[in-house]
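# Observations on the three-dimensional arrangement
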Amino acid sequence: MTAVISLNAPWLAADTLRLPEKLQPWLLEPASLTARLKAHCQQFRLALLAETTTELPDFLWPCLPAISGACVRREVLMSCNQQPAVYAQSWLPESSRRQLYQLTALGEQPLGEFLFQFPDLRRGPIEVARLQLAGATAGIAAGEYWARRSVFSVADAPLLVAEVFLPAVELL
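In what follows, the accompanying structure is described. (Residues numbered from 1 in each chain as written. Predicted model: local features only at pLDDT ≥ 70, side-chain atom pairs only at ≥ 80, totals over all residues. Heavy atoms only, no water.)

### Focus: the pairing of strand 3 (residues 70-80)
With ten of eleven residues buried, strand 3 lies mostly within the body of the structure. Judged from the eleven bridges that link them, strand 2 (residues 44-55) and strand 3 form a sheet pairing that is antiparallel. By the bridge assignment, Ala47 is partnered in strand 3 with Leu77. By the bridge criterion, ten bridges tie strand 3 to strand 4 (residues 83-93) in an arrangement that is antiparallel. Among the inter-strand pairings, Glu75 is bridged to a residue of strand 4, identified as Gln89. Taken together, strand 3 and the strand that follows it, strand 4, pair antiparallel across an intervening segment of two residues, in which Asn81 is found at a positive phi of about 50°. (Buried < 20%, exposed > 50% of the residue type's maximum accessible area, 1.4 Å probe, protein only. Helix = DSSP H or I, 4+ residues; strand = E, 2+ residues; numbered from the N terminus. Pairing = 2+ DSSP bridges.)

### Notes on the nonpolar core
Formed by 23 residues in total, the largest nonpolar core has its most connected members in Ile5, Leu131, Ile140 and Val164. Mapped onto this core, the elements with two or more residues apiece are strand 3, strand 4, strand 6 (127-133), strand 7 (143-154) and strand 8 (157-165). Once residues lying within four places of it in the same chain are set aside, the contact partners of Ile140 are Val4, Ile5, Leu77, Tyr87, Leu133, Gly135, Tyr145 and Leu166. Leu23, Cys80, Val86 and Phe165 belong to the second-largest nonpolar core, a separate cluster that totals 21 residues. (Core = buried A, V, L, I, M, F, W, Y, C linked by side-chain atoms within 4.5 Å. Contact = heavy atoms within 4.5 Å.)

### Quick word on the pattern of salt bridges
A complete count under the given rule lists ten salt bridges for this structure. A salt bridge links Glu51 to Arg74; the shortest N-O distance between them is 3.4 Å. Separated by 23 residues along the polypeptide, Glu51 in strand 2 and Arg74 in strand 3 bring together distant segments of the chain. For Glu51, a relative accessible area of 34% puts it in the partly exposed group. With a closest N to O distance of 2.7 Å, Arg149 and Glu127 form a salt bridge. In this pair, Arg149 sits in strand 7 while Glu127 sits in strand 6, placing the two residues 22 residues apart along the sequence. A relative accessible area of 26% places Glu127 in the partly exposed class. Each of Glu94, Arg97 and Arg98 takes part in salt bridges that share partners, so that together they form one network. (Salt bridge = Lys/Arg side-chain N within 4 Å of Asp/Glu carboxyl O.)

### Concerning the pairing of strand 7
The element strand 7 is largely enclosed, with a buried count of ten among its twelve residues. Two strands pair when backbone bridges link them, and strand 5 (residues 122-123) and strand 7 are joined in this way by two bridges, in the antiparallel orientation. Bridging from a neighbouring strand, Arg122 pairs with Ser153 of strand 7. Taken together, the seven bridges between strand 6 and strand 7 define a ladder with antiparallel strand orientation. Within the sheet, the bridge partner assigned to Val128 lies in strand 7 and is Arg148. Two elements, strand 7 and strand 8, share nine bridges in a ladder whose sense is antiparallel.

Okay, structure coming up:
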């Protein structure tokens, strides 16, 4: 099963680009994006789109270089005030899954609420890209969207999180 949005794009360090003014605070948010969304909307909803075990694609190997084997790819759509605001995709390697087994049972709970409770959480640099969605899918219109990604680590267990910012974010 292919991902709703492919992360295969040129990613650059966030501090090397001129980012759109309205999206810059969202793209550079160092804390929980879920908490930021909830603070900016009356009604927050997370829909689990897919959770599958699959091989890490070649283009993501530089993000998780020491990883081999299967990963859990989780895809969610976060909505604010009934408008799709952020599509998120996370990659949890098998080695991390053994240490962070709770991540495989989140269902429609936000990953950020779980991750940011760990005092030893570390976040790698934020990278940004423009991702192209050729056709409408999962309630997301075709178009080009700004996205960010980072590798998080809890107890030396890494996972990759990418978030794609949909037009509703600019209205929050």
